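Structural overview for review
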Amino acid sequence: MIFNALYNIDPYKSLRVKTRVVKVGNISIGGDNPVRLQSMCNTSTLDTEATVAQAERIIRAGGELVRMSTASMKEVENMATIKELLRSRGYNTPLVADTHFKPELAVKAAQIIEKVRINPGNFIRSEIPASEKDYALELAKTEEKLLPLIEACRKHNTAIRIGSNHGSLAARIIHKYGDTPRGMVMSALEFLQIFRKYAFHDIVLSMKSSNTRIMIQAYRLLMHEMLKSGEVYPLHLGVTEAGAGDDGRIKSATGIGALLLDGLGDTIRVSLTEDPENEIPVAKALRDLMPSKLAEPTSRTHQIPFDPFNFTKRICNENILTKGTRSAVVIGKDDDSEFFVKNNSIYSSEGKKMQVHPVFVKSPADLNKSDPDQILFIDVKEIHTARKVMLELSKREIKHPVIAHFSGNHKNTERFISEAAAKSGLFLADGLADGIHLDHRGLNPQRLNGLGESILQASRARMFKTEFISCPGCGRTLFDLQKQAEKIRNKLSHLKGLRIGIMGCIVNGPGEMADADYGYVGSGKGKITLYKNREVVKRNIPESEALEELINLIKKHGDWVEA
């Protein structure tokens, strides 16, 4: 395959895409500026002291932008008070208003703070067009609604983030492109074209999803389209509803880290169902993955062994490791693992020696086509060299199974987890690997096995456990999201293979839990609405009863098993 899509990205070199520079308050995003870190308050924006205190914690942790939810005009107006109080305490960090559904809120926010986030999927109500003429009318209506925002942003030097989200696209987009990476990209580009028509360029774009494959494909496709146009705007990276603990960190690293390794991204937010200041150390570890050398746009092409926009699994020889229902394996260090390496051999968890042997590969020179019993452990520490190895496999038609091998001796465990997930996850997300092998002297084999399983699941290579798609919460959340999410995880974590969405409000659910089998969504103060896939099953259940009702719903559909 020819990598003629991201023209200036050489997949075999460490390069960062050069984007426009956008000024946001006292910082700049894009160009050769550092990747900026941000988080979002989960307090009510009407609670001035609580929001200011939380913003201070985010800033002290290293946050360079702080976002707040604005569901009403009162919340927008109170951001002026919050901003004034933060400035009086010596904090000049830019503030971002998160607006949905009501264009007038975005216009007012643009007059107060430094950046406004809008979602093309819900900026205005969209109808399904019956014809191309109707589609054009829908766009004209959108342009009319955007004009006051453009003028307010221009007058007050306010930046805009156009944030497409998988699962919350406009009806006209879904009708034409589907709820797909291309649909996400076209949704943002429609808005971008309108902003550019009026010569407004202080814009950052994002393509968020809780599905890391979709997220990676959408950002790459967006960059491809911008490079074709000759105008490349900064990217804000994020995996929505990543969850908590190791799983949330690994899922974020798999999506965000993979794109940073590709040289994409100018600002990042890690979305954890935890206190927002906890997100910043994870973001710091990921930021270090961004290449320092800028790449100028050119028309070069590069041959690569994967499709950057569509997942296609590499075809390999079937053997004892990859046959049957296993789509990918974790190879560990002892018999607690599915398979493990010992004395240059591979054993099953029962201690049976496999009729295959590991070969650790650091460069194309280590390859040997003549030995069909090899399992190639490709070192992904230097991801660009690892891609060269995969290209050589493709050229020489070597179809040995490939294991993404990552070893490290980081004293900082969080840094090891982030780097392992990003580099191994990138290989898995691109369909190049059949399994994972992690090595770290400071972590016990059981922990390494668990991390390996989480990386496979985060990259959508294989499911080992329940997946909880849970948002971080924000000012729109009217119940104790962290507490309830923990209760749900404790009760449902044995339901292997199910995806459970836990959303603070209707903005994030049901749309942004697009992949979930069941949904638990805040719908009012202390009220929960339950979903089966995207369909409402029961509305406005008291929070005290909602978990039991969710369990009953799962049982009703035959998906419950006893722990």
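This structure is a prediction, so every number in the text was calculated from the model and none was measured.

1. What to know about the pairing of strand S20 (residues 467–470)
Here is the key point about a regular strand: its side chains alternate between the two faces of the sheet. In S20, alternate side chains face the same way, and those of Glu-467 and Ile-469 on one face and Phe-468 and Ser-470 on the other are all buried. Here 4 bridges tie S20 to strand S21 (residues 499–503), and the two strands are oriented parallel to one another. Directly across from Phe-468, in S21, lies its bridge partner Ile-500. As for the winding sense of the linkage, the β-α-β connection from S20 through helix H13 (residues 481–492) to S21 is left-handed.

2. Considering helix H3 (residues 103–110)
Where burial is concerned, most of H3 is hidden: 6 out of the 8 residues are buried. Of the surrounding elements, those touching the buried residues of H3 are helix H2 (73–88), strand S6 (95–98), strand S7 (115–118) and helix H4 (132–156).

3. Things to note about the side chain of Gln-54
Of note, Gln-54 is situated in helix H1 (residues 48–61). Take Gln-54: its relative accessible area is 4%, and that puts it in the buried class. Beyond its immediate chain neighbours, meaning those up to four positions away, Gln-54 contacts Cys-41, Asn-42, Thr-43, Pro-276 and Glu-277.

4. Section: the sheet that holds S7
Here 8 strands make up an open sheet; going across it, the order is S9-S8-S7-S6-S5-S4-S11-S10 and the pairing parallel. Looking along the sheet, the strands with just one partner apiece sit at the ends: strand S9 (203–208) and strand S10 (236–237). The pairing of S10 with strand S11 (residues 267–268) spans 2 bridges and is classified as parallel. Among the inter-strand pairings, Leu-237 is bridged to a residue of S11, identified as Ile-268. Helix-sheet contacts for helix H9 (residues 279–287) involve strand S4 (36–40) and S11, and the interaxial angle to S4 is about 155 degrees.

5. As for the confidence of the model for the protein
When pLDDT is averaged along the protein, the result is 90; 95% of the residues meet or exceed 70. Here residues 1–8 scores under 50 on pLDDT; set against residues more than four positions off or in separate chains, the count is 38 contacts.

6. Notes on the packing of H9 against helix H11 (residues 413–429)
Packed helix pairs are characterised by how far apart their axes lie and by the angle those axes make with each other. Two elements in contact, H9 and H11, have axes whose closest approach is 9 Å; the angle formed by their N-to-C orientations is 55 degrees. With respect to each other, H9 and H11 are oriented oblique. Here the hand of the crossing between H9 and H11 comes out right-handed. Contacts between H9 and H11 involve Pro-281, Val-282, Ala-285 and Leu-286 from the first element and Glu-414, Arg-415 and Ser-418 from the second.

7. Regarding the sheet that holds strand S13 (residues 329–332)
Pairing in this open sheet of 7 strands is mixed, and the strands run S15-S14-S13-S19-S18-S17-S16 from one edge to the other. The open sheet has two edge strands, strand S15 (345–348) and strand S16 (357–361), and neither has a second partner. Direction aside, neighbouring strands of the sheet carry axes that sit 30 degrees apart on average. Inspection of the sheet shows S13 paired to strand S14 (residues 339–342) by 2 bridges, in the parallel sense.

8. With respect to the packing of aromatic side chains
All told, the structure shown has 5 aromatic pairs when counted by the stated rule. Between Phe-406 and Phe-416, the aromatic rings sit 5.6 Å apart at their centres with planes inclined by 45 degrees, giving tilted as the arrangement. With Phe-406 in strand S18 (residues 402–408) and Phe-416 in helix H11, this pair connects stretches of sequence that are 10 residues apart. A single burial state applies to Phe-406 and to Phe-416, both of which are buried. In this arrangement the basic side chain of Lys-555 is found over the ring face of Trp-560, its NZ or CZ atom lying 5.4 Å from the centre.

9. Details of the nonpolar core
In terms of nonpolar packing, the biggest core is built from 127 residues, with Ile-118, Leu-149, Phe-195, Leu-205, Ile-378 and Phe-427 touching the most fellow members. Examining the composition of this core, we find that 10 residues originate from one element, helix H7 (residues 212–229), more than from any other. Excluding anything up to four places from it in sequence, Ile-118 contacts Thr-99, Ala-106, Phe-123, Leu-146, Leu-149, Ile-160, Arg-161, Ile-162, Gly-163, Phe-191 and Phe-195. Cys-471, Ile-488, Tyr-518 and Tyr-531 belong to the second-largest nonpolar core, a separate cluster that totals 28 residues.

10. A closer look at the environment of Arg-161
Its location among the elements puts Arg-161 in strand S8 (residues 159–165). Accessibility expressed as a relative area gives 2% for Arg-161, which makes it buried. Between the C-alpha atoms of Arg-161 and Ala-61, which are 100 residues apart in sequence, the distance is 23 Å. Excluding its chain neighbours within four sequence positions, the residues that come into contact with Arg-161 are Arg-67, Lys-115, Val-116, Arg-117, Ile-118, Val-204, Ser-206, Lys-208 and His-236.

11. Re the environment of Ala-433
Within the secondary structure layout, Ala-433 lies in the loop between H11 and strand S19 (435–440). A C-alpha to C-alpha distance of 9.7 Å links Ala-433 and His-405, two positions 28 residues apart in sequence. Here Ala-433 is in contact with Lys-313, Val-402, Ala-404, Phe-427 and Leu-428, once residues within four sequence places are set aside.

12. Examining the packing of helix H8 (residues 245–261) against H9
Contact pair H8 / H9: the axes reach a minimum separation of 10 Å and the direction vectors enclose 30 degrees. For the pair H8 and H9, the sense of crossing is right-handed. Facing Arg-249, Ser-252, Ala-253, Ile-256, Gly-257 and Leu-260 of H8, the residues of H9 in contact are Val-282, Leu-286 and Arg-287. Here the contact of H8 with H9 is built from residues that sort into 5 nonpolar, 2 polar and 2 charged.

13. Notes on the side chain of Ser-337
Its place among the elements puts Ser-337 in the loop between S13 and S14. What makes Ser-337 buried here is its relative accessible area of 2%. Within the structure, the side chain of Ser-337 is placed 3.0 Å from the side chain of Asn-449, a separation counted as a polar contact. Apart from residues no more than four positions distant in its own chain, Ser-337 is found in contact with Gly-332, Ser-349 and Asn-449.

Criteria and cut-off values
- Along each chain, numbering runs from 1 in the same order as the chain's sequence is written.
- Restriction of local features to residues with pLDDT of at least 70 applies here, the model being predicted, together with a cutoff of 80 or more for giving and counting side-chain atom pairs; totals for whole chains, interfaces and linings are based on all residues.
- Excluding hydrogens and water, the side-chain figures rest on all heavy atoms present in the structure.
- Partly exposed residues are those whose accessible area sits between 20% and 50% of the maximum for their type, while under 20% is buried and over 50% is exposed, using a 1.4 Å probe and protein chains only.
- Under the scheme used here, helices are H or I runs from DSSP no shorter than 4 residues and strands are E runs no shorter than 2 residues, and both carry numbers assigned from the N terminus.
- By definition, two strands form a pair when at least two bridges between them are found by DSSP.
- Classification remark: right-handed applies to a crossover when, strands pointing away from the viewer, the course from the first strand over the helix to the second runs clockwise.
- It only takes one pair of heavy atoms within 4.5 Å for two residues to be counted as in contact.
- Each axis is a line fitted through C-alpha atoms, taken for helices only over the stretch in contact, and angles between the N-to-C directions span 0 to 180 degrees.
- One number per residue, pLDDT, summarises how confident the predictor is, and it ranges from 0 to 100.
- Any angle that falls under 35 degrees is termed roughly parallel, while one over 145 is termed roughly antiparallel, one within 65 to 115 roughly perpendicular, and all others oblique.
- A crossing counts as left-handed when the near helix is turned anticlockwise from the far one by less than a right angle, and as right-handed when that turn is clockwise.
- Stacked, edge-to-face and tilted labels apply to pairs of Phe, Tyr and Trp rings (six-membered ring for Trp) whose centres lie within 6.5 Å, assigned for plane angles under 30 degrees, over 60, and everything in between, in that order.
- Note on geometry: a ring has a charge over it if NZ (lysine) or CZ (arginine) is within 6 Å of the ring centre and within 35 degrees of the ring normal.
- Among buried residues, those of type Ala, Val, Leu, Ile, Met, Phe, Trp, Tyr and Cys that are joined through side-chain atoms within 4.5 Å constitute a nonpolar core.
- Throughout, the ten residues Ala, Val, Leu, Ile, Met, Phe, Trp, Tyr, Cys and Pro are labelled nonpolar, Asp, Glu, Lys and Arg are labelled charged, and all others, Gly among them, are labelled polar.
- Side-chain atoms alone can form a polar contact between residues adjacent in sequence; in general such a contact is a pair of N or O atoms within 3.5 Å, and within protein one must be able to donate a hydrogen while the other accepts it.

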